[in-house]
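Remarks on the overall topology
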Amino acid sequence: MKSGIKNRMKKIQSTCNYCALDCNLDFYVENNRVVKTVPTRGYPVNDGFCCIKGISLSRQQTTVKPCALPRIRQADGSLKEVSWEEAFTHVAERLKALQAEYGTESVAGISTGQLTLEEFAIFGHVMRNYLKTNVDGNTRLCMATAVVAHKQSYGFDAPGYTLQDLEESDTIIFIGANPVVAHPILWGRVRQNQVPGHKVIVIDPRESETAMNADYWYGLNWRSDLLLLYTVANLLIEKDYLDHAFIENHTEKFEEFRTFVSDYTLERGIKGTGLSGEQILELTELIHNGKKVSFWWTMGVNQGYEAVRTAQAIINLALMTGNIGKPGTGANSITGQCNAMGSRLFSNTAVLYGGGDFTNPARRSRVASVLGVDESFLAEKPTKTYNQIIEGINAGEIKGLWILCTNPRHSWANNETFAEAAKKLELFVVQDIYGTIESAEDCTVYFPVVPGLKKEGTYINLERRLSAMRQVLARGEHEISDYEAVLGVGRALGMGDALKGWETPQDCFRLMRECSRGMPCDFTGVTWEGLENSHGVQWPYPEGKEEQLRDDQRRLYTEGVFFTPSGKARFMFEAVRENPYPRSEEFPFVFNTGRGSVGQWHTQSRTKEVKFIEDVSLKKPYLYMNTEVAQENGIHENDWVRVFSVNGRDALFTVKLTDHVRREELYAPIHYIECNRLTPSCYDPYSKEPDYKGAVVRFEKCQEEPYVSNKN
Ligand SMILES: Nc1nc2c(c(=O)[nH]1)N[C@H]1C(S)=C(S)[C@@H](COP(=O)(O)OP(=O)(O)OC[C@H]3O[C@@H](n4cnc5c(=O)[nH]c(N)nc54)[C@H](O)[C@@H]3O)O[C@H]1N2
Ligand SMILES: Nc1nc2c(c(=O)[nH]1)N[C@H]1C(S)=C(S)[C@@H](COP(=O)(O)OP(=O)(O)OC[C@H]3O[C@@H](n4cnc5c(=O)[nH]c(N)nc54)[C@H](O)[C@@H]3O)O[C@H]1N2
Ligand code: SF4
Ligand SMILES: [Mo]
């Protein structure tokens, strides 16, 4: 490249496809190379800032290898490159053959919250509508709890907030959320809050990076959130710290709730949460004294054995104090992946496109007419859940699996169960940008696809904002996108007319937009072109209402009207349950898991390619141990321990000493495959989201440094 004035640079605005903020970035391109990445100024989410992952997205232009042809496993175990046409035909024929031999539901898919809306929509069309089988998403590992909680409490999966609420709130309460690490740009919005005397409160058993930066930290016992939230609700009622008018006009079942929580006395709360009476009373007063109180939750809540009820207990607090629908308030679920929100409504897995149950006749008729198919063509029931799919493979009922944009061999709970499953599959298609991911080890077909820089589509962020991914770099020979790969298999299956109108992502966008018409997520006023170089658009944005909806920071429930038949929000509650995995003499430690650093992304396939992230990230699995506990066990920094889990497995970790985890806790970042070797198969009963943060374990010091693979 020649130095000098960069006057031939082309600027393309696109969306970061890591976390749920969906920051917009301006990519400057010269000779089909990104030479500069600048966070988009004026974009309402990130206005000129972004984190280390977004700024280094252009690394993928060199690290994603140009090997563009798919591969099929041969009898001798090797992978042979074939043409795309051959691969499409092979996969289509194998899918049909398996269905013919073992039944319709003997093949399945695992989708994702990290592709474009159009990509998982077409995957859902091919697999769920046409093949009539099951596709769940990695969003099950992440957002399923919030989805169920919203549906039951609000009548629709509709988080109501806008990011501006973080700047306007005077009392910001994070529950099981660590945005300093996981959502740095969201944390930036907290830092911009100018409300005099505003307070940041963190509820987390661990003194997380966010807790370290907060005004109040409530380090409750693991898995005692539901008890704490009911105790606080009871105190708010006893002290009459309620918004009676809101409760009366906009909610249902409050009287039942009042009776129910009267059992949750302060004494009981103290005993179960490990917090003092003063702390619980202080938290109650903070909620009462705030004029604009906002609650924000993430995986510390969603990933638990009574997670849905915990999320709803947060919603209940917002409802009873009238902290919803107004600036700076809300019971706000923070999403994880860049397009989890899109996946929740447009992947055709748990609901019809645009929302609505598979059994809802009006919705079936609407979606079928938009897609130009007979109603009977549409999937008839929600998908089997992720755990049922893996269990189905291990039970020999499911023989074919197609995964895209997810790495379950690493990320699935009790991940050895996935390893076992992968070996049993007769057809295992892995579609990824890296052929080196752990999940691809046992694949029978590998589909290499291009990364986000080379494709286009639509993303929806945590505050319901649609934004455009636009192609930044031209593609090389044979390089195709996820959309084209799925379309290719669909055509090879003989879908024919059922793929009419699905020819390009832009066509699919139009279909999905029509499916949204009249639904809470109506975005019929958004056009493909209009989204380009824009500020993004929050749903709802119905056609004809564009003028009234110009504001960039819109929230739902401003009139106190919800999506239930009565228009009222519901108090949802249920008795606190016994922890299925309590600490015991045999397993005295909690094995807490979560994000390790701003730079590391999940299974690290992408972020390990970024030199300045990789240079500062440990290559070997590690965990944090309380300094005193380490001393008592003769353990020093960087010593190795073998951790034995309640799931019957063990794994090796190096030890990092810290005073920020409590005595009873070991905290393991999820970015190493060893982490989920130890998490048990335990799920919330309603959402089937894994309880990823609640394993119990014991450890032994290793006398010598063991050999550990450096796969990660
Ligand atoms: N750098 C980076 N950022 C990411 C990601 C990444 O991999 N890397 N992933 C993205 C995705 S998909 C997601 S879902 C989000 C996740 O974002 P977060 O949920 O904020 O992150 P986690 O680290 O999983 O967990 C949050 C906190 O839950 C706490 N916790 C554990 N048990 C309990 C409990 O019983 N009660 C309470 N109250 N808290 C508990 C943990 O100690 C931890 O501090 O991050 C997104 N952002
Ligand atoms: N113990 C524990 N386990 C957890 C969690 C936890 O807190 N604790 N969190 C859970 C949560 S919230 C989540 S979201 C999951 C995440 O788990 P995964 O979804 O398995 O993790 P990722 O590493 O994000 O996997 C994404 C894959 O997509 C590939 N990819 C990237 N871009 C593209 C593309 O454009 N096309 C295609 N086809 N592939 C692409 C990447 O190379 C990578 O292999 O992990 C879950 N696992
Ligand atoms: S905060 Fe999230 S969306 Fe923004 S640059 Fe970082 S990873 Fe990307
Ligand atoms: Mo997630």
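The structure contained in this document is the topic of the report that follows. (Residues numbered from 1 in each chain as written. Chains lettered and ligands numbered in written order. Predicted model: local features only at pLDDT ≥ 70, side-chain atom pairs only at ≥ 80, totals over all residues. Heavy atoms only, no water.)

1. Quick word on helix α12 (residues 254–261)
- Inspection of α12 places Phe254, Phe257, Phe260 and Val261 among the buried residues, and these make up the whole buried set. When α12 is viewed along its axis, its buried side chains cluster within an angular range of 120 degrees and face the same direction. (Buried < 20%, exposed > 50% of the residue type's maximum accessible area, 1.4 Å probe, protein only. Helix = DSSP H or I, 4+ residues; strand = E, 2+ residues; numbered from the N terminus. Arc of directions from axis to C-beta.)

2. Remarks on the site of ligand 2
- The local shell around ligand 2 holds 34 residues, among which Asn138, Ser411, Asp432, Asp482 and Thr603 are the closest.
- One nitrogen or oxygen atom from the side chain of Trp601 is found 3.1 Å from an oxygen atom belonging to ligand 2.
- A distance of 2.8 Å is found between an oxygen atom of ligand 2 and a side-chain nitrogen or oxygen belonging to Ser605. (Near = heavy atom within 4 Å. Polar contact = N/O pair within 3.5 Å; in protein donor to acceptor, adjacent residues only side chain to side chain.)

3. Concerning the site of ligand 3
- Near ligand 3 the following residues occur: Cys16, Tyr18, Cys19, Leu21, Asp22, Cys23, Cys50, Cys51, Lys53, Gly54 and Ile185.
- The residue inventory of the shell around ligand 3, partitioned by class, reads 8 nonpolar, 1 polar and 2 charged. (Nonpolar A, V, L, I, M, F, W, Y, C, P; charged D, E, K, R; others polar.)

4. Considerations on the sheet that holds strand β2 (residues 24–30)
- Taking strand neighbours across the sheet as the criterion, the 3 strands line up as β1-β2-β3 in an open arrangement whose pairing is antiparallel. Edge positions in the sheet fall to β1 (10–15) and β3 (33–39), since each of these pairs with one other strand and no more. Taken over all neighbouring pairs, the strand axes of this sheet differ in orientation by 30 degrees on average, direction set aside.
- One ladder, built from 6 bridges, connects β1 with β2; its direction is antiparallel. Bridge pairing in β2 links Ile12 to Phe27. (Pairing = 2+ DSSP bridges. Axes fitted to C-alpha atoms, helices over the stretch in contact; angles between N-to-C directions.)

5. So, the nonpolar core
- By size, the foremost hydrophobic cluster in this structure holds 158 residues, and its most contacted members are Met320, Leu371, Leu401, Phe447, Trp502, Met512 and Trp539.
- Top element by residues in this core is helix α10 (residues 225–238). It accounts for 10 residues.
- Membership of the second largest hydrophobic core comes to 37 residues, among which are Val45, Ile172, Ile185 and Val190. (Core = buried A, V, L, I, M, F, W, Y, C linked by side-chain atoms within 4.5 Å.)

6. Topic: the packing of aromatic side chains
- One pass over the full model with this rule turns up 36 aromatic pairs.
- A ring pair is formed by Phe156 and Phe563, whose centres lie 5.9 Å apart and whose planes are at 65 degrees; its orientation type is edge-to-face. Placement of Phe156 in the loop between α5 (144–154) and α6 (165–168) and of Phe563 in the loop between β19 (537–538) and β20 (569–570) is noted, with a sequence separation of 407 residues between them.
- Centre to centre, the rings of Tyr161 and Trp296 are 4.9 Å apart; their planes meet at 75 degrees, and the pair counts as edge-to-face. (Phe/Tyr/Trp six-rings, centres within 6.5 Å; stacked < 30°, edge-to-face > 60°.)

7. Section: empty space enclosed by the protein
- Within this structure, the stated rule accounts for 8 cavities of 30 Å³ or more.
- Taken as a whole, the largest cavity encloses approximately 620 Å³ of empty space.
- Around the largest cavity, the lining is made up of 38 residues, and of these Gln114, Asn138, Gln337, Trp601 and His602 lie nearest the centre.
- Going through the elements one at a time, α20 (408–411) and β15 (427–432) are the ones with two or more residues in the lining of the largest cavity.
- A breakdown of the residues in the lining of the largest cavity according to their chemical character gives 14 nonpolar, 18 polar and 6 charged.
- Volume-wise, the second largest cavity comes out at about 460 Å³.
- Together, 31 residues line the second largest cavity, and Gly176, Asn178, Met299, Arg595 and Lys693 are the ones closest to its centre. (1 Å grid on protein atoms, 1.4 Å probe; cavity = no way out; pocket = protein on both sides within 12 Å on 5 of 7 lines; lining within 4 Å. Points joined across faces, edges and corners; volume = space filled by probe spheres on them.)

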